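Each chain, letter by letter, is given below.
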Amino acid sequence: MTPDTPASRPRLALFDLDHTLLPLDSDFEWGEFTIRIGWTDRAEFGRRNQEFYDHYVAGTLDVHDYVRFAVDAVRRAGPEASATAHAQFMRDVIHPAIRAEAVELLRSHRDAGDEVVIVTATNEFVTRPIAQALGVEQLLAVELERDAQGWITGGVRGVPSMREGKVLRMEQWLAARGWAWSDVESTFYSDSMNDVPLLEKVDHPVATNPDTRLRALAQQRGWRILDLFPTPTP
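The paragraphs below set out a description of the structure included in this document. (Residues numbered from 1 in each chain as written. Predicted model: local features only at pLDDT ≥ 70, side-chain atom pairs only at ≥ 80, totals over all residues. Heavy atoms only, no water.)

**Some thoughts on the pairing of strand β3 (residues 138-142)**
Counting buried residues along β3, four of its five residues qualify, which places the element largely inside the surrounding structure. Examined bridge by bridge, strand β2 (residues 115-123) and β3 share four bridges and lie parallel to one another. Pairing of Val117 across the sheet is with Gln138, part of β3. Considered for its hand, the β-α-β crossover made up of β2, helix α6 (residues 124-133) and β3 is right-handed. (Buried < 20%, exposed > 50% of the residue type's maximum accessible area, 1.4 Å probe, protein only. Helix = DSSP H or I, 4+ residues; strand = E, 2+ residues; numbered from the N terminus. Pairing = 2+ DSSP bridges. Right-handed = clockwise from strand over helix to strand, strands pointing away.)

**Examining the side chain of Asn209**
Relative to the assigned elements, Asn209 resides in the loop between β7 (204-208) and α9 (212-221). There is a polar contact of 2.8 Å between the side chain of Asn209 and the backbone nitrogen of Leu228. (Polar contact = N/O pair within 3.5 Å; in protein donor to acceptor, adjacent residues only side chain to side chain.)

**Remarks on the environment of Tyr53**
Tracing the backbone through its elements, the reader meets Tyr53 in helix α2 (residues 42-58). For Tyr53 and Ala13, which are 40 residues apart along the polypeptide, the C-alpha to C-alpha distance reads 26 Å.

**Some remarks on helix α4 (residues 79-97)**
Since the α-helix turns once every 3.6 residues, residues separated by three or four places project in the same direction. Look at α4: 25 Å from first C-alpha to last across 19 residues, which is about the 27 Å you get at 1.5 Å a residue. The largest bend in α4 comes to about 40°, at Met90. Where α4 is buried, its residues touch α1 (26-36), α3 (63-77) and α6. (Expected span 1.5 Å × (residues − 1). Bend = angle between axes of the 7 residues up to and from the residue. Contact = heavy atoms within 4.5 Å.)

**Focus on unusual backbone geometry**
With a phi close to 50°, Arg163 is a non-glycine residue in the positive phi region. Take Arg163: it is sitting in the loop between β5 (152-156) and α7 (164-176). For Arg163, a relative accessible area of 23% corresponds to the partly exposed category.

**Quick look at the packing of aromatic side chains**
Scanning the model with the defined rule gives twelve aromatic pairs in all. Chaining the aromatic ring pairs together yields one cluster made of Trp30, Phe33, Trp39, Phe89 and Phe125. (Phe/Tyr/Trp six-rings, centres within 6.5 Å; stacked < 30°, edge-to-face > 60°.)

**Here we look at the pairing of strand β6 (residues 185-190)**
Counting buried positions along β6 yields five of six residues, so the element is predominantly enclosed. Of the strand pairs in this sheet, strand β1 (residues 11-15) and β6 are connected by five bridges, and their pairing is parallel. The partner of Ala13 across the bridge, within β6, is Thr187. Two elements, β6 and β7, share four bridges in a ladder whose sense is parallel. Residue pairing for β7: Ser190 is matched across the bridge by Ala207. Tracing the backbone out of β6, into helix α8 (residues 196-201) and back to the parallel element β7 gives a crossover that is right-handed.

**Concerning the pattern of salt bridges**
Within the structure shown, the criterion is met by 18 salt bridges. In this structure, Arg9 engages Asp203 in a salt bridge whose closest nitrogen and oxygen atoms are separated by 3.9 Å. Note that Arg9 is positioned in the segment before β1 and Asp203 in the loop between α8 and β7, a separation of 194 residues in sequence. Judged by its relative accessible area of 37%, Asp203 falls in the partly exposed class. Across the salt bridge formed by Arg146 and Glu124, the nearest N and O atoms sit 3.6 Å from each other. (Salt bridge = Lys/Arg side-chain N within 4 Å of Asp/Glu carboxyl O.)

**Some points on the sheet that holds strand β8 (residues 224-226)**
As summarised here, the arrangement of the six strands in space is β3-β2-β1-β6-β7-β8, forming an open sheet in which the pairing is parallel. Strands with a single pairing partner mark the edges of an open sheet, and in this sheet they are β3 and β8. The average angle at which neighbouring strand axes cross in this sheet is 20°, direction not considered. The sheet contact formed by β1 and β2 spans four bridges and is parallel. The residue bridging Ala13 from the neighbouring strand is Val116, located in β2. Across the face of the sheet, α9 comes into contact with β6, β7 and β8 while running at roughly 145° to β8. (Axes fitted to C-alpha atoms, helices over the stretch in contact; angles between N-to-C directions.)

As structure tokens, then:
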């Protein structure tokens, strides 16, 4: 490299989680899991869980209302029981759903020297062990408010990483490293119309296992489309 040759920009590979790296919605599946282990009522919780999921798909979800609902059983169960339950959730639900295609995609970015970040609208309690199972250290998830004892209250701490919030959380992450968007070369993989704000922000948007609306938008805008694996509907 000659002295006046500019250094290449750091490369970021950003990933949504649910229906992008996983062929399921981990938030929804955690709710269904709490029903199976007897923490929540099949009829009432199941109805509300599906209702919230439908709002998410439609882009009308109130994330604060949903988080209060989604973590209430965990809040009541306490740290020890919740850790035990989540370990079972990982064994029964998540590990069987981790696909070789997703693992290979992550590996290819790491091997290329890219910084890999999962940016998800699902809360940190559900997703941190999933990110660890995928070998991803950098996780931007919905952060949960904690009480004086360090246990969750049901509230959201800071900016929730949903829709425009994903852009804001990424900008905070970049600023903490002394970077702006122009300092990095960024790729973002997502399946959802909820993630259009971040897809529009990065250098290389990739509609991954896209829903019908995102597939149409990607085709219209000339974005890359990646069908990593078939995505079943819960």
